[in-house]
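# Fold and contact review
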Amino acid sequence: MAVHDVLDPRLYPQIQGAEKMAGEITRIALPGAAGRMGKMIRDLVAEKAEFEIAALTEHSDHPLVGSTTDGVFLSADADVLGLGKGGVIVDFTRPEVTLMHIEIARKTGTAMVIGTTGLTNEQEKALSRAAADTPIVYCANTSVGVTLLAQIVRQVAGQLGQDWDIEIVETHHNQKIDAPSGTALALGRAAADGRNVNLGEVRDSGRDGVTGQRRQGDIGFAVMRGGDVAGEHTVTFFGQQERIELTHRAGSRAIFARGALRAAAFASVQTPGLYSMDDVLA
Ligand code: NAD
């Protein structure tokens, strides 16, 4: 007999949510539905029988608000995203909008996958607090390749000495609004973790002018913006007369959408907590 057979589900909704059976459809609430990632996720859901779009939202000024997209009404009312247990808000929007959706997820017990980047420390703290009430997967890069790259970077940084200089270069399309990318920072954090230091204390981004010599132990960031590049990241470890370069190139945003849906299926059956893409792939 399953635990929820002997417990009133109205009193134990989390257990009821966690009992979503394998093969059951994962219901997705998609804010930013007309955005680059929103469209990619809608297209992918249309191909997969194990997911369905249950709610779509956009900014109130968006011309498509009020129309029907893929058979679902495109609303400007964020409250429609609160699907409750078993439903998942998949959020690739903007930090301040994501924060508003976190509150809806928390109040309604809807799980969440957050792909939005550029959150401040304060916004990340609010996210962690909400995860006490609902499952949240928070990940600056939902691709399987980058998740593995971060694991490798952590390991390499841990094995090489402090005399190896670590630099991270990222390239993205010309519409991106934050820099360095959330992925570059996550790779920097992985390198810092490997060295047992805090990224905040060794981060060196935006060099310009007379910068002085490179401080040993710093992790440097450089940024390029142009064209329609979906995302490229190279972590270089500079030694004496040798260097290691680890690169990931995203050929299309589809890789992030695939990972986001994998994370959504995972989140829909978890108990409240903050999860990463490492947890999803474990
Ligand atoms: P985008 O600008 O194309 O899409 C964002 C969408 O959100 C827009 O359509 C916008 O109108 C909509 N929006 C704004 N306010 C809204 C509101 N109040 N309610 C509902 N929708 C609203 O951007 P994008 O390229 O799709 O990227 C979105 C975010 O995802 C960025 O932070 C980006 O860095 C991040 N991203 C993360 C990953 C990852 O793997 N985690 C991958 C790609 C992009």
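Everything discussed here concerns the structure shown above.
Parameters and conventions
Residues numbered from 1 in each chain as written. Predicted model: local features only at pLDDT ≥ 70, side-chain atom pairs only at ≥ 80, totals over all residues. Heavy atoms only, no water. Buried < 20%, exposed > 50% of the residue type's maximum accessible area, 1.4 Å probe, protein only. Helix = DSSP H or I, 4+ residues; strand = E, 2+ residues; numbered from the N terminus. Pairing = 2+ DSSP bridges. Salt bridge = Lys/Arg side-chain N within 4 Å of Asp/Glu carboxyl O. Contact = heavy atoms within 4.5 Å. Core = buried A, V, L, I, M, F, W, Y, C linked by side-chain atoms within 4.5 Å. Phe/Tyr/Trp six-rings, centres within 6.5 Å; stacked < 30°, edge-to-face > 60°. Lys NZ or Arg CZ within 6 Å of the ring centre and 35° of its normal.

## Remarks on the pairing of strand β11 (residues 232–238)
Of all seven residues in β11, five are buried, a share of seventy percent or more. Pairing of strand β8 (residues 165–172) with β11 involves seven bridges; the strand directions are antiparallel. Its bridge partner being in β11, E167 is matched across the sheet by T236. In this structure, β11 lies alongside strand β12 (residues 243–249), joined through seven bridges in antiparallel fashion. Note that in β12 the partner of V235 across the bridge is L246. Linking β11 back to β12 in an antiparallel pair, the connection comprises four residues, with Q241 at a positive phi of about 60 degrees.

## Focus on the pattern of salt bridges
Inspection of the entire model under this criterion finds 16 salt bridges. With its nearest N and O atoms 2.7 Å apart, the salt bridge here joins E167 to R214. Placement of the pair is E167 in strand β8 and R214 in the loop between β9 (203–205) and β10 (219–225), with a sequence separation of 47 residues. Classification of E167 by relative accessible area gives buried; the value is 13%. Residue classification places R214 among the partly exposed positions, given a relative accessible area of 29%.

## Overview of the side chain of H248
Relative to the assigned elements, H248 resides in strand β12. On the basis of relative accessibility, which here comes to 13%, the residue H248 falls in the buried class. Setting aside residues up to four positions removed in sequence, H248 forms contacts with S143, G145, V146, L149, G231, E232, H233 and I255.

## So, the nonpolar core
Ranked by internal contacts, the top residues of the largest apolar core, which has 32 residues, are I28, L30, I41, V90, V113 and V137. When contributions to this core are tallied by element, the ones reaching two or more residues are β1 (26–30), α2 (36–47), β2 (51–57), β4 (72–75), β5 (87–91), β6 (111–114), α8 (254–267) and α9 (277–281). Ranked by the residues each element gives to this core, the list is headed by α8, at eight residues. With sequence-adjacent residues up to four places away left out, V113 is seen in contact with V88, I89, V90, D91, V137, A260, A263, A264 and A267. Within the second largest apolar cluster, 21 residues are counted, among which are I168, A191, L199 and V235.

## Looking at the packing of aromatic side chains
Scanning the model with the defined rule gives one aromatic pair in all. Residues F266 and Y275 carry aromatic rings whose centres are separated by 5.3 Å and whose planes lie at 85 degrees to one another, so their mutual orientation is edge-to-face. For the pair F266 and Y275, one class covers both residues: buried. Geometry around F221 places R203 over its ring, the cationic atom sitting 5.9 Å from the centre.

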